[in-house]
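Architecture and fold: a report
Each chain, letter by letter, is given below.
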Amino acid sequence: MTRFARLTAIILSLFALSGCGYNALQMKEETVFKAWSDIESTLQRRADLIPNLVETVKGYAQHEKETLEAVITARAKATSVQLPPQALSDPAAMQQFQAAQGGLTSALARLMVVVEQYPDLKANQNFLDLQTQLEGTENRINVARQRYNQTVEDFNGAIRRFPESLTNKILLHLERKEYFKADEAAKAAPQVKFN
């Protein structure tokens, strides 16, 4: 009888463990890491396009050196701040990363204002192609951020939900991941002024 009781206990514990979420939690964390990699990949695409855009504008706007240097500096800063997947639980690291990316977005916006002053540049096919690629990349970045936030929401909810929360607390010790938030400058509505 004791052998039967042990066998029954083992079978019941296997069924209990299969519903504890051990594997599911790890897969959800991997999904967060993949979504983060998608953001990094798209940000790299943007960083790769910027030198071509700057060189094209340079040919037309030699005296706009300050703006062009600001874009180059912002790109360098944005690409130097790395956030490995292990740091996705660190709010300070996430904030630093987002600030660097926000600085690049701001510099690009200033560059587009400069472009408005050069009608020949706006008609240049190379510039139009680069601008279209950059706009598409910005859209991709936005979609990647939204997907990342969805996976973070799913993961954070899973590590707090019973019975996964017990599995996490006892076995895995996974930490909550940080959401990708809007840059502080993006919260202010842009002001349109007609001269």
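That block above? That's the structure.
Residue positions are given per chain, counting from 1 as you read along its sequence in written order. Local features in a predicted model are, by the rule used here, given only for residues with pLDDT of at least 70; side-chain atom pairs are given and counted only at 80 or more, and totals for whole chains, interfaces and linings are based on all residues. Note that the side-chain values use all heavy atoms of the structure and ignore hydrogens as well as water.

We now examine the packing of aromatic side chains. Pairing of aromatic side chains requires ring centres within 6.5 Å, counting the rings of Phe and Tyr and the six-membered ring of Trp. Pairs whose planes differ by under 30 degrees are stacked, by over 60 edge-to-face, and all others tilted. Under the definition given, this model contains four aromatic pairs. Measuring from centroid to centroid gives 6.5 Å for F97 and F180, while their planes differ by 90°, and the two rings are edge-to-face. Here F97 is found in helix α4 (residues 91-115), whereas its partner F180 is found in the segment after α7 (164-172), with 83 residues between them in sequence. Judged by relative accessible area, which is 3%, F97 ranks as buried. Here a helix means four or more residues in a row that DSSP labels H or I, a strand means two or more in a row labelled E, and each is numbered from the N terminus. Each residue's exposure class comes from its accessible area (1.4 Å probe, protein chains only) as a fraction of the maximum for that residue type: buried when under 20%, exposed when over 50%, partly exposed otherwise.

The subject of this paragraph is unusual backbone geometry. Put simply, F162 and P163 share a cis peptide bond, and its omega is 5°. Mapping P163 onto the fold places it in the loop between α6 (125-158) and α7. Of note in the backbone geometry, H173 takes a positive phi value of approximately 60° without being a glycine. With respect to the secondary-structure elements, H173 resides in the segment after α7.

Mapped onto the elements, K181 comes out in the segment after α7. Among the residues examined, K181 registers a relative accessible area of 48% and is labelled partly exposed. In the structure, K181 is positioned 86 residues away from Q95 in sequence and 8.3 Å away in space, judged by C-alpha atoms.

With that out of the way, let us pick up the pattern of salt bridges. Salt bridges are defined by distance alone: a side-chain nitrogen of Lys or Arg within 4 Å of a carboxyl oxygen of Asp or Glu. All told, the structure shown has six salt bridges when counted by the stated rule. Residue E138 pairs with R46 through a salt bridge whose shortest N-O separation is 3.0 Å. Here R46 lies in helix α2 (residues 22-60) and E138 lies in helix α6, a separation of 92 residues in the sequence. The exposure class assigned to E138 is partly exposed, which follows from its relative accessible area of 26%. Residue E178 pairs with K181 through a salt bridge whose shortest N-O separation is 3.5 Å.

Let's shift gears to the nonpolar core. Ranked by internal contacts, the top residues of the largest apolar core, which has 25 residues, are W36, L83, L88 and Y148. Looking at this core, the elements that each hand over two or more residues are α2, α4 and α6. What L83 contacts, discounting residues up to four positions off in sequence, is W36, E40, L88, A93, M94 and F97. Core analysis: the next-biggest nonpolar cluster, separate from the first, contains 17 residues, L49, L111, F127 and L134 among them. Nonpolar cores were defined as sets of buried Ala, Val, Leu, Ile, Met, Phe, Trp, Tyr and Cys residues, with membership established by side-chain atoms within 4.5 Å. Residues count as neighbours in contact if any of their non-hydrogen atoms are within 4.5 Å of one another.

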